[in-house]
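Commentary on secondary and tertiary structure
Below are the chains, spelled out letter by letter.
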Amino acid sequence: MITRLTDIELEQIRGVIFDLDGTLAHSNPDFKGLRAALGIGSGTDILEHIHSLETTVAKMQALEIVHDYELESSRQASWIEGAQALIAFLKTRQLPLAILTRNMPEAAKITIEKLGIDIPLVLTRYDAEPKPHPQGIYLICEQWQLNPADILYVGDYLFDLQTAQNAGSRCALYCPEDVPDYAQAADLLVSCYHSLIQAWPK
C-alpha cells in the first residue's frame, strides 16, 4: 500500500530518481559488520568517519574495507519485489529515470549489470557530493532540464529523504516492513511497488 503524507500529485511528477541499494536491489552491504570492521558505532555516518580520519593511510585502509563490503554485496544482488515492474511502468509513461547512489561506481555497475537494470543515467558518490547533499539531484535535473520540485526521489533511508528535501524535490520512502521515525517527513510511504503503480494516474 501507499500512504500520502502531503498534497503530492503523482500526475505532476515529470521525472523519477531512484536510490539503488535497498530501493531497487537487495544489495545493501552488511552495515553492522562493516561498522564493526571500521570500529565505529551504529549511528555513525561511514563516509563522514572516513573523511574525519587524520592520515591518508588511515583513510585508504578504511576505504579498502568499505569497497570490499560494497563489492561483495553487489555480487549477491537481487531485485526488490515490484521494482522491475515499476521501472517498466514509468517507462511507458515516458518519464526520464535515473539512479543516485552513495555506492562506489564499480559496485553500482556490478548490481546494475547483474540485474539488467535499464536506467542509463547513474550518479555515484564519486560523480556528485554524497547524499544527503542535493548536488546529485541538481545535476540530473540540469541534464533533464527539469525543476527539482517536479522530481520524485525514491529511496529507503534517511539520507534519501534528506537529499530530496535539500533539493526541493518530492520523496517516496520505500518501507516494506517497519516505518522508521523519520518517515513522517516523506511525501509518500510505499510498502509495495505494485501499489505505487496502481496509485499512479493512468
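The rules behind these values
Residues numbered from 1 in each chain as written. Predicted model: local features only at pLDDT ≥ 70, side-chain atom pairs only at ≥ 80, totals over all residues. Heavy atoms only, no water. Helix = DSSP H or I, 4+ residues; strand = E, 2+ residues; numbered from the N terminus. Rg over C-alpha atoms; globule rule 2.2 N^0.38 Å. Buried < 20%, exposed > 50% of the residue type's maximum accessible area, 1.4 Å probe, protein only. Contact = heavy atoms within 4.5 Å. Areas by Shrake-Rupley, 256 points an atom, 1.4 Å probe, with all protein chains shown as cover. Pairing = 2+ DSSP bridges. Salt bridge = Lys/Arg side-chain N within 4 Å of Asp/Glu carboxyl O. Domains from an automatic or database assignment. Buried area = accessible area lost by both parts, 1.4 Å probe. Polar contact = N/O pair within 3.5 Å; in protein donor to acceptor, adjacent residues only side chain to side chain. Nonpolar A, V, L, I, M, F, W, Y, C, P; charged D, E, K, R; others polar. Phe/Tyr/Trp six-rings, centres within 6.5 Å; stacked < 30°, edge-to-face > 60°.

**Thoughts on the overall build of the chain**
- In terms of helices and strands, the chain carries eight helices and nine strands.
- Computed over C-alpha atoms, the radius of gyration of the chain comes to 17 Å, within 12% of the 17 Å expected from 2.2 N^0.38 for 202 residues, which places it in the range of a compact globule.
- Taken over the C-alpha atoms alone, the chain extends approximately 55 × 35 × 30 Å along its principal axes.
- Split into buried and exposed, the 202 residues of the chain put 49% on the buried side.
- The long-range fraction of contacts in the chain, counting pairs at least 24 apart against all pairs at least 6 apart in sequence, stands at 66%.
- Carbon and sulfur atoms form 49% of the exposed surface of the chain, whose accessible area is close to 10,000 Å².

**As for the pairing of strand S2 (residues 15-18)**
- Of the two faces of S2, the one lined by Gly-15 and Ile-17 and the one lined by Val-16 and Phe-18 are each fully buried.
- Relative to strand S7 (residues 151-155), S2 is paired through four bridges, and the arrangement is parallel. Across the sheet, Ile-17 pairs through a bridge with Tyr-153, a residue of S7.

**A few points about the pattern of salt bridges**
- Following the criterion strictly, the structure yields nine salt bridges and no others.
- Between Asp-7 and Arg-170 there is a salt bridge, with its nearest N and O atoms 3.1 Å apart. Pair noted here: Asp-7 is in the loop between strand S1 (2-4) and S2 and Arg-170 is in strand S8 (residues 170-174), with a separation of 163 residues, a long-range link.
- Judged by relative accessible area, Asp-7 falls into the exposed class, the value being 59%.
- Among the residues examined, Arg-170 registers a relative accessible area of 23% and is labelled partly exposed.

**A few points about the domain arrangement of the chain**
- One can read the domain layout of the chain as domain 1 (2-26 + 78-199) and domain 2 (31-76).
- Between domain 1 and domain 2, the C-alpha centre-to-centre distance is 24 Å.
- Taken together, the contact between domain 1 and domain 2 spans 14 residues of the former and ten residues of the latter.
- Contact between domain 1 and domain 2 buries roughly 980 Å² in total, counting both sides, with carbon and sulfur atoms accounting for 53%.
- Area buried by domain 1 at its contact with domain 2 is led by Met-104, Ile-110 and Arg-125, which between them contribute 41% of it.
- Among the salt bridges present, the one from Arg-125 reaches Glu-70, with a minimum N-O distance of 2.7 Å.
- On the surface where domain 1 and domain 2 come into contact, there are three residue pairs in polar contact (both at pLDDT 80 or more).
- Considering each element in turn, the side of domain 1 that touches domain 2 owes the most residues, five residues, to helix H5 (residues 105-115).
- Broken down by class, the residue content of the side of domain 1 that touches domain 2 amounts to six nonpolar, four polar and four charged.

**Describing the environment of Lys-202**
- Looking at the secondary structure, you find Lys-202 in the segment after helix H8 (193-199).
- Each C-alpha atom of the pair Lys-202 and Ile-99 lies 24 Å from the other, and the pair is 103 residues apart in sequence.
- Within the structure, the side chain of Lys-202 is placed 2.7 Å from the backbone oxygen of Ile-197, a separation counted as a polar contact.
- Looking at Lys-202, its side chain comes within polar contact range of the main-chain oxygen of Gln-198, at 3.3 Å.

**Brief notes about the packing of aromatic side chains**
- Evaluation of the coordinates by the stated rule reveals four aromatic pairs.
- When the centroid spacing of 6.4 Å and the interplanar angle of 70° are considered together, the rings of Phe-89 and Trp-200 count as edge-to-face. Taken as a pair, Phe-89 in helix H4 (residues 83-92) and Trp-200 in the segment after H8 lie far apart in primary sequence, 111 residues in all. Neither Phe-89 nor Trp-200 differs from the other in exposure class; each is buried.

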